[in-house]
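Secondary and tertiary structure notes
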Amino acid sequence: MGVEFSLKSGGPLLARFSVRPLFIDWIRDGQWQDPDLQEFKQRVEKGKMPEFSVRDDGMILFGKRMCLPNDMVLKKEILDEAHCSAYAMHPGSTKLYRDLREYFWWSGMKREIAEYVAGCSPHSKGGYDSIWVIVDRLTKSAHFLPVKTTYTTDKYAKLYVDEIVRLHGVPMSIVSDKDPEFTSRFWFSLQRAMGTSLKFNSRGYAESEYSGFWWRLGRELVVDGIRL
C-alpha cells in the first residue's frame, strides 16, 4: 500500500492522507510490456473495441475493470492477497472470482482462478480438500463434512441424504452461497437421491405426484428460499 502526505501552509501538519495500492503502478507498467494489451490500446484509439477504454493516466480498462497484463508474478500476488491474507478467509473459486472481477479483467480469468484455488487447497489423508458446512436453522446445529472439489451434485446429494436427511429429515428450504445453477442442480439431484419424481406444471412450479392433493387443500407445495 502507498501512503501520501501533503502539507498546507498555515494549516495542520497532516493535511491529506490517502492509501493507494501499489498494484496499480505494477499493472500500468506491465500493460506497456504486454503486446496484446498494446494492440487493444491501438484499436481503442482507432475507435474500435468499445468495451475497452484508456484512462487519462494510461491505464487500459475493460469496462471499469483494470486489464491485467500476462504477468504470472503479478497475478499470483493479487490472488494471494485476495485469497490468503488475514482477512480473506480463503474463499472458494466462485467467491474469489466474484470479488476480483469487480476490479480486474484478464483473458482466461475464471479458469486461472479455479486452478489457483484447487492448487492451494490443503488435502487431508483421504484426499479431501474442502469442508462443506451445513446448518439446520431449526435446531441451530452445524455439520462439517469433508468433501472434494471434484464432487458432482449427485455425490453431494447422496452425502446430504446419508448425513443430514437421516438426522433432520427432508429440508423445506435451501439457502446456499453457491451460484444459482449449482443450487438448482443440487435440488434436483437431492430429489432424485430420495426417489422423488419432479414434474413441471404450466405455471412453472415443480410438482410431485402428490402436489395436486395439496392444491385441493388450498396449500402450495413449493421449494421455499433457494437463493444466494
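Residues numbered from 1 in each chain as written. Predicted model: local features only at pLDDT ≥ 70, side-chain atom pairs only at ≥ 80, totals over all residues. Heavy atoms only, no water.

The biggest cluster of nonpolar side chains holds 18 residues, and the ones touching the most others in it are Ile27, Leu100, Phe104 and Ile113. Of all the secondary-structure elements, those providing two or more residues to this core are helix H1 (23-33), helix H3 (72-84), helix H4 (93-100) and helix H5 (109-120). Here this core takes four residues from H5, the largest share from any one element. Excluding residues within four positions of it along the chain, Ile27 makes contact with Met59, Met66, Cys67, Leu68, Pro69, Leu74, Ile78 and Phe104. Counting 17 residues, the second largest nonpolar core, distinct from the first, contains Trp132, Tyr151, Val161 and Ile174. (Core = buried A, V, L, I, M, F, W, Y, C linked by side-chain atoms within 4.5 Å. Buried < 20%, exposed > 50% of the residue type's maximum accessible area, 1.4 Å probe, protein only. Helix = DSSP H or I, 4+ residues; strand = E, 2+ residues; numbered from the N terminus. Contact = heavy atoms within 4.5 Å.)

The next thing to look at is H4. Within H4, burial applies to Leu96, Tyr97 and Leu100. Mapping the buried residues of H4 onto a view down its axis gives an arc of 100 degrees, with all of them on the same face. Buried residues in H4 make contact with H3, strand E6 (104-105) and H5. (Arc of directions from axis to C-beta.)

On to the confidence of the model for the protein chain, then. Confidence along the protein chain averages 75 in pLDDT terms, with 72% of residues attaining 70 or more. Per-residue pLDDT stays below 50 along residues 1-19; that stretch engages in 24 contacts with residues further than four places along the chain or on separate chains. Across residues 204-228, confidence stays below pLDDT 50; counting only partners more than four residues off in sequence or on other chains, it has 43 contacts. (pLDDT = per-residue confidence, 0-100.)

Structurally, Gly92 can be placed in the loop between H3 and H4. With relative accessibility at 37%, the residue Gly92 sits in the partly exposed group. Sequence separation of Gly92 and Val117 is 25 residues, and the distance between their C-alpha atoms is 6.7 Å.

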